[in-house]
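# A closer look at the structure
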Amino acid sequence: MSLIYGIKTQDGVYLASDTRLTKRTDSGAVTYEDDFCKFHTFGKFMYSVVAGDANLASYLLQKIHASDLIKCGYSEFRKKVEEFIRNEVGLYPKVSRAPHVVFIFAGQDPDRKDEMSMDKWKEYALFMQNGQNISVPVRMTEPLKEALLKAATEKKQGKILELNKPYIGLFSLEVKVSKSIEITIVDSEWASYLMFGPKGLTAKDAPPDLVVKLDLGKKSPGLTKREVIFQNTAELIFFFFKMIPKHKLNTVGGAIFTAYIGEWGALFPEGELGILQPDGSPPQPVSYVLEYEGKFCVKTGDKIKPLRFVSSFYQSGSQMDLSLI
């Protein structure tokens, strides 16, 4: 199974996944292919990363893409997708061999204002103080500053802050198939994150200071919003590559594909990221996603390969080995 991640920040939502496809034959042989993108977009408003059974994930993505759900904004999509998935899983021809798949969905609702929990903001501010009664710098965008000032003026305590920008939401949808179809949905508010990975890894296995680094932590002065997004992307990628050896995640590998979902749509930071060597030698490249000849690609060594997308993996009637993303 892959490692996938989503977090809602005051700027927007970040999605991330690795690019490894794991194939297992009936004899038990295992092979890895590291050019597989688990990201998908639906219409104008919705985006997703996915992990689990590759065939079932691809089947469901194709069904969503062929439905009226692609016309929906976030709130309507969130309301309708569970019933849609439940019906389609029941029609999947190889359902007995597809025990598990999980999606992290993010999207925009242009007819709704974004929001944050004032209590959650205070909780993270206290976390940054680390038990000391000191003033700590907290990064705040203009919409958040305006919302906090308005809340203070109106003497609102413990309320939801309404930000002057379109709503961007985040939730996960997990499908387990045994004797019945079990669907679990988890909604993620601001500064809460979603993570799924091998060995039952979830958000509780990620360090709490990751949220601070990605959102509230102090940034270098003078950074543009685009530069903040790229800095946050680097933090997410380094987090992924620290998780792999820590938890011995053999099925997680390749490059890390990241997407930033903001009020103007999706941005895909690209380029090479390296880990500095203790001896001062050149950085060791660990992740390289780039656009080459009009296609998203990964670079491994000197080879550049176009990314294959999970949405086109499933083919009706094909007899494939067990494949996991």
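These numbers come from a predicted model, not from an experiment. (Residues numbered from 1 in each chain as written. Predicted model: local features only at pLDDT ≥ 70, side-chain atom pairs only at ≥ 80, totals over all residues. Heavy atoms only, no water.)

### Quick notes on helix H4 (residues 142-153)
Taking 1.5 Å as the rise per residue, H4 with twelve residues should run 16 Å; its terminal C-alpha atoms sit 16 Å apart, in good agreement. Inspection of H4 places Leu 144, Ala 147, Leu 148 and Ala 151 among the buried residues, and these make up the whole buried set. One face of H4 carries all of its buried residues, which in axial projection span an arc of 95 degrees. Among the exposed residues of H4, those oriented more than 90 degrees off its buried face are Leu 149 and Thr 153. Packing partners of the buried residues in H4 comprise strand S8 (100-117), helix H3 (118-129) and strand S9 (160-177). Positive phi shows up at Lys 155, right after H4, with a value of about 55 degrees. (Helix = DSSP H or I, 4+ residues; strand = E, 2+ residues; numbered from the N terminus. Expected span 1.5 Å × (residues − 1). Buried < 20%, exposed > 50% of the residue type's maximum accessible area, 1.4 Å probe, protein only. Arc of directions from axis to C-beta. Contact = heavy atoms within 4.5 Å.)

### Remarks on the packing of helix H5 (residues 209-216) against helix H6 (residues 225-247)
At a minimum axis distance of 9 Å, the contact between H5 and H6 shows a crossing angle of 160 degrees. Taken as axis vectors, H5 and H6 run roughly antiparallel relative to one another. Considering how the two elements wind past one another, H5 and H6 form a crossing that is left-handed. For the pair H5 and H6, the contacting residues are Leu 210, Lys 213 and Leu 214 in the first and Asn 232, Glu 235, Leu 236 and Phe 239 in the second. Its residues assigned to classes, the contact of H5 with H6 shows four nonpolar, one polar and two charged. (Axes fitted to C-alpha atoms, helices over the stretch in contact; angles between N-to-C directions. Parallel < 35°, antiparallel > 145°, perpendicular 65-115°, else oblique. Left-handed = near helix turned anticlockwise from the far one by under 90°. Nonpolar A, V, L, I, M, F, W, Y, C, P; charged D, E, K, R; others polar.)

### Description of the sheet that holds strand S2 (residues 13-18)
Ordered by their spatial adjacency, five strands build an open sheet running S11-S1-S2-S12-S13, and the pairing between neighbours is antiparallel. A strand with exactly one partner marks an edge of an open sheet, and here the two such strands are strand S11 (193-196) and strand S13 (265-267). Across the sheet, the mean angle separating the axes of adjacent strands is 15 degrees when strand polarity is ignored. Here strand S1 (residues 4-8) pairs with S11 via four bridges, running antiparallel. In the strand pairing of S11, Tyr 5 is matched with Met 195. Running over the sheet, H6 touches S1, S2, S11, strand S12 (256-262) and S13 and is turned about 35 degrees from S2. (Pairing = 2+ DSSP bridges.)

### Examining the sheet that holds S9
The five strands are arranged S6-S7-S8-S9-S10 in an open sheet whose pairing can be described as antiparallel. Looking at the sheet topology across the chains shown, the edges are occupied by strand S6 (39-42) and strand S10 (181-187). On average, each strand axis in the sheet is inclined to that of its neighbour by 25 degrees, with strand direction left out of account. Relative to S10, S9 is paired through seven bridges, and the arrangement is antiparallel. The residue bridging Glu 174 from the neighbouring strand is Thr 184, located in S10. Helix-sheet contacts for helix H2 (residues 74-91) involve strand S7 (46-52), S8, S9 and S10, and the interaxial angle to S9 is about 5 degrees. Against the sheet, H3 makes contact with S8 and S9, and its axis sits at roughly 110 degrees relative to S8, the strand it touches most.

### Describing the environment of Val 102
With respect to the helices, strands and loops of the structure, Val 102 is situated in strand S8. We classify Val 102 as buried; its relative accessible area is 0%. For the pair Val 102 and Thr 233, spaced 131 residues apart in the sequence, the C-alpha separation amounts to 22 Å. Setting aside chain neighbours within four positions, we find Val 102 in contact with Met 1, Ile 4, Val 49, Val 50, Ala 51, Leu 173, Glu 174 and Phe 196.

### Section: the pattern of salt bridges
Here the structure, examined in full by the defined rule, presents 15 salt bridges. Lys 38 is the partner of Asp 18 in a salt bridge, and the nearest nitrogen-oxygen pair spans 3.2 Å. Here the residue Asp 18 occupies a position in strand S2, and Lys 38 occupies one in the loop between strand S5 (36-37) and S6, the gap between them amounting to 20 residues. For Asp 18, a relative accessible area of 0% translates into the label buried. Judged by its relative accessible area of 0%, Lys 38 is buried. Arg 20 is the partner of Asp 34 in a salt bridge, and the nearest nitrogen-oxygen pair spans 2.7 Å. (Salt bridge = Lys/Arg side-chain N within 4 Å of Asp/Glu carboxyl O.)

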